[in-house]
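# Architecture and fold: a report
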Amino acid sequence: MANSIRTDDISYDNFQRSNRSQESQMKCSKRLKVQKLLRKGTTEIRNTVNHGIQFRNLNAEGAKHFAQVLKYDNSLKWVNLYENRVCDRGAKDLAEMLKVNGSLKKMNLFGNNISAEGAKWLAEALTVNCSLEYINLGCNNIGDKGAKYLANMLKWNKSLKEINLLKNNIETEGAKYLAEALISNTSLEYIYLSENNFGDNGSHFFAEAFKRNKSLKDVYLKGSMNEEAAILVQQAWELNRRRAGRSIV
């Protein structure tokens, strides 16, 4: 009787090992397939000693395949997709990846023709992602609508320490949403908002936010408002400047 039980146990163990082996082989096969597709569609893939990767000419289709890799790979800490023509379609795939990836700390999506739609997908992902600390969305085109999506995310996200929204065609309405988010956000330390067009009302929104925010260390607003408005914001910042190391540029 003991022998038959032992035989059943061994058979079951073998079955379990076989299943695990097949799953591992499938994941490995999928990763290799994706890596081949990536190499075919890009001119440069470079791994670095700092557990990061940088691409050139990735485009939306390549971003889709790369996002699939990162759903299974938790070794990378940062990704540089500077000017890779990712667009909204690629941003959506990267956002789906961010919902399950727990290792990435930094993502650079500067200059990728991402609009409000792409910002929406990324904002949804960053509402649940707990690992990403830095995202660069500079020189895209998210506008006021995209700023609203990201502002709503900032009210909930607790991991982001730095966000770059330089030159994104954000105007007064978007400034209002972002300023409201900064009042409640307690984790963000650096925000880059230069070269947008916030107008006089936008400056009032930020002035109020800077009086109440407790976490920001540096804010970049150059070229987003006129000199008079900038003075108003600077004065509000100075009222809350007793904490060491805070500056506004």
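Just above, that's the structure.
Below you will find a few notes about this structure. (Residues numbered from 1 in each chain as written. Predicted model: local features only at pLDDT ≥ 70, side-chain atom pairs only at ≥ 80, totals over all residues. Heavy atoms only, no water.)

With that settled, the discussion passes to the pattern of salt bridges. Oppositely charged side chains can pair when the atoms bearing their charge come close. Counted by the stated rule, this structure contains 4 salt bridges. Close ionic contact of Lys 99 with Glu 96 constitutes a salt bridge, the shortest N to O distance being 3.2 Å. By relative accessible area, Lys 99 is classed as partly exposed at 37%. Relative accessible area serves as the criterion here: at 31%, Glu 96 is assigned to the partly exposed category. For the salt bridge of Lys 217 with Glu 189, the shortest nitrogen-to-oxygen distance reads 3.7 Å. Of the two residues, Lys 217 sits in the loop between helix H7 (199-212) and strand S8 (218-220) while Glu 189 sits in the loop between helix H6 (172-184) and strand S7 (190-192), which places them 28 residues apart along the sequence. (Salt bridge = Lys/Arg side-chain N within 4 Å of Asp/Glu carboxyl O. Buried < 20%, exposed > 50% of the residue type's maximum accessible area, 1.4 Å probe, protein only. Helix = DSSP H or I, 4+ residues; strand = E, 2+ residues; numbered from the N terminus.)

The next point concerns the packing of aromatic side chains. What the rule picks out here adds up to 6 aromatic pairs. Between the aromatic rings of Phe 55 and Phe 66, the centroid separation amounts to 4.7 Å while the plane-to-plane angle is 65°, which identifies the pairing as edge-to-face. Of this pair, Phe 55 sits in strand S2 (residues 52-56) while Phe 66 sits in helix H2 (residues 59-72); the two residues are 11 residues apart in sequence, bridging distant segments of the chain. In this pair, the class of Phe 55 matches that of Phe 66, namely buried. With a centroid separation of 5.2 Å and 90° between ring planes, the pair formed by Phe 210 and Trp 237 is classed as edge-to-face. (Phe/Tyr/Trp six-rings, centres within 6.5 Å; stacked < 30°, edge-to-face > 60°.)

Mapped onto the fold, Asn 213 is located in the loop between H7 and S8. Asn 213 gets classed as buried once you look at its relative accessible area, which sits at 0%. Within the structure, Asn 213 has its side chain in polar contact with the backbone oxygen of Leu 182 (distance 2.7 Å). Engagement of the side chain of Asn 213 in a polar contact is seen with the backbone nitrogen of Ser 215, the distance being 2.9 Å. (Polar contact = N/O pair within 3.5 Å; in protein donor to acceptor, adjacent residues only side chain to side chain.)

Moving on, we come to the nonpolar core. In this structure, Leu 94, Leu 104, Leu 165, Leu 178, Phe 206 and Phe 210 are the most contacted members of the largest nonpolar core, which totals 58 residues. Contributions of two or more residues to this core are made by S2, H2, helix H3 (87-98), helix H4 (116-128), helix H5 (143-154), H6, H7 and helix H8 (227-239). (Core = buried A, V, L, I, M, F, W, Y, C linked by side-chain atoms within 4.5 Å.)

Let's shift gears to unusual backbone geometry. Even without being glycine, Arg 85 reaches a positive phi, approximately 55°. Topologically, Arg 85 is positioned in the loop between strand S3 (78-80) and H3. Take Arg 85: its relative accessible area is 47%, and that puts it in the partly exposed class. Positive phi outside glycine occurs at Asn 113, with the angle close to 55°. Position of Asn 113 relative to the elements: it lies in the loop between strand S4 (106-108) and H4. Judged by its relative accessible area of 56%, Asn 113 is exposed.

This paragraph deals with the packing of H3 against H4. Close contact between H3 and H4 brings their axes to 8 Å; oriented N to C, the two are set at 5°. Relative to H4, H3 is oriented roughly parallel. Contacts between H3 and H4 involve Asp 88, Ala 91, Lys 92, Ala 95 and Leu 98 on the former and, on the latter, Glu 117, Gly 118, Trp 121, Leu 122, Ala 125 and Leu 126. Residue composition of the contact of H3 with H4, grouped by class: 7 nonpolar, 1 polar and 3 charged. (Axes fitted to C-alpha atoms, helices over the stretch in contact; angles between N-to-C directions. Parallel < 35°, antiparallel > 145°, perpendicular 65-115°, else oblique. Contact = heavy atoms within 4.5 Å. Nonpolar A, V, L, I, M, F, W, Y, C, P; charged D, E, K, R; others polar.)

This paragraph deals with the side chain of Asn 136. Take Asn 136: it is sitting in strand S5 (residues 134-136). Among the polar contacts made by the side chain of Asn 136, one reaches the main-chain amide nitrogen of Gly 138 at a distance of 2.9 Å. Within the structure, the side chain of Asn 136 is placed 3.4 Å from the side chain of Asn 164, a separation counted as a polar contact. With residues up to four places along the chain from it excluded, the contact list for Asn 136 reads Met 107, Asn 108, Leu 109, Phe 110 and Asn 164.

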